[in-house]
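Chains, contacts and geometry: an overview
So the chains spell out like this:
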Amino acid sequence: MERTFIMIKPDGVQRGLTGEIVKRLEQKGFNLVAMKMMNVSRELAEKHYDVHSDKPFFGNLVEFITSAPVVATVWEGEGVVASARKIIGATNPLTAEPGTIRGDYGISIGRNLIHGSDAVETAQREIALWFEESELTTWKPALQNWIY
Ligand code: RTP
Ligand code: MG
């Protein structure tokens, strides 16, 4: 089953949006399979965002992600990578559609609350970067699943 990596950034944690964000993904019907609150090392932040290492905002981005705790999560479900990106909304919260997380709660591109993997291959790389295999659970609802 497809999986994606979702990280609630320091601004999402500090604005008290962790529950709201988890709620939106749960109510869509995706399964939470791993979750941990953690401080991010510079090494991990630089690896996570290495595709942006030559961009002018890279330094500030790494500073920000390492500045305070984040909530790292893994979600599972059919089409979860692309669907979670839709639920999250466009990178710039000012142009993100209302109804998306960034569209509803953000203003600044540098404080856009949440990260979601942008492709299935990226998700696999990011999950392996942020989680040990033993931290990833596998489960199915015990009751009949009404969504799939
Ligand atoms: P993310 O990786 O965090 O999920 O965000 P994204 O895919 O929507 O956007 P991406 O292009 O991967 O950019 C990564 C993060 O860098 C910050 N950013 N700042 N012009 C800027 O100042 C700028 N552009 C991007 C954002 O915080 C973005 O989430
Ligand atoms: Mg990205």
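Above this text is the structure in question.
The structure presented is a predicted model; accordingly, all values stated were derived computationally and were not measured.

Criteria and cut-off values
- Residues numbered from 1 in each chain as written.
- Chains lettered and ligands numbered in written order.
- Predicted model: local features only at pLDDT ≥ 70, side-chain atom pairs only at ≥ 80, totals over all residues.
- Heavy atoms only, no water.
- Core = buried A, V, L, I, M, F, W, Y, C linked by side-chain atoms within 4.5 Å.
- Buried < 20%, exposed > 50% of the residue type's maximum accessible area, 1.4 Å probe, protein only.
- Helix = DSSP H or I, 4+ residues; strand = E, 2+ residues; numbered from the N terminus.
- Contact = heavy atoms within 4.5 Å.
- Axes fitted to C-alpha atoms, helices over the stretch in contact; angles between N-to-C directions.
- Parallel < 35°, antiparallel > 145°, perpendicular 65-115°, else oblique.
- Left-handed = near helix turned anticlockwise from the far one by under 90°.
- Nonpolar A, V, L, I, M, F, W, Y, C, P; charged D, E, K, R; others polar.
- Pairing = 2+ DSSP bridges.
- Near = heavy atom within 4 Å.
- Polar contact = N/O pair within 3.5 Å; in protein donor to acceptor, adjacent residues only side chain to side chain.
- 1 Å grid on protein atoms, 1.4 Å probe; cavity = no way out; pocket = protein on both sides within 12 Å on 5 of 7 lines; lining within 4 Å.
- Sits in = over half its atoms within 2 Å of the grid points.

Our focus in this paragraph is the nonpolar core. The biggest cluster of nonpolar side chains holds 21 residues, and the ones touching the most others in it are F5, M7, V40, I65, V74, W130 and F131. Every element with two or more residues in this core is listed here: β1 (3-8), β2 (31-38), α3 (42-48), α4 (58-65), β3 (70-76) and α7 (120-130). Among the elements that make up this core, the one with the highest residue count is α4 (five residues). The residues touching F5, leaving out its near neighbours within four places in the chain, are H48, A72, T73, H115, G116, S117, A123, E126, I127, W130 and F131. The next biggest cluster of nonpolar side chains, apart from the first, holds 20 residues, and it includes I21, V80, I101 and I114.

Attention shifts here to the packing of helix α2 (residues 18-28) against helix α5 (residues 80-88). Viewed as axis vectors pointing N to C, α2 and α5 meet at an angle of 135°, and their least axial separation amounts to 11 Å. Considering the angle they form, α2 stands oblique to α5. α2 and α5 meet at a crossing whose hand is right-handed. Note on element contacts: α5 touches α2 through S83, A84 and I87, opposite R24, L25 and K28. Of the residues assigned to the contact of α2 with α5, the class counts are three nonpolar, one polar and two charged.

Now for the pairing of β1. Both faces of the sheet carry side chains from a regular strand, because those side chains alternate between them. The element β1 is extensively covered by neighbouring structure, given that six of its six residues are classed as buried. The alternating pattern of β1 places R3, F5 and M7 and T4, I6 and I8 on opposite faces, both of which are buried. Inspection of the sheet shows β1 paired to β3 by six bridges, in the antiparallel sense. Residue I6 lies in a different strand from β3, and its bridge partner there is T73.

Among the residues of α5, those classed as buried are V80, V81, S83, A84, I87 and I88. Buried positions along α5 lie against β1, α2, β3, α6 (101-105), β4 (114-116) and α7.

Taken together, K9, Y49, H52, F57, L61, R85, T91, R102, I109, N112, H115 and G116 make up the full set of residues adjacent to ligand 1. N112 has a polar side-chain atom sitting 2.8 Å from an oxygen atom of ligand 1. Its atoms largely coinciding with the cavity grid, ligand 1 occupies the largest pocket. Of the residues assigned to the shell around ligand 1, the class counts are four nonpolar, five polar and three charged.

Looking now at the pairing of β3. Most of β3 is tucked away, with seven of its seven residues classed as buried. Burial along β3 is two-sided: V70, A72, V74 and E76 facing one way and V71, T73 and W75 facing the other are all buried. Here β2 runs beside β3; their pairing, made up of seven bridges, is antiparallel. Along β3, the bridge assignment pairs N31 with E76.

Coordinates in, geometry out; function isn't part of it.
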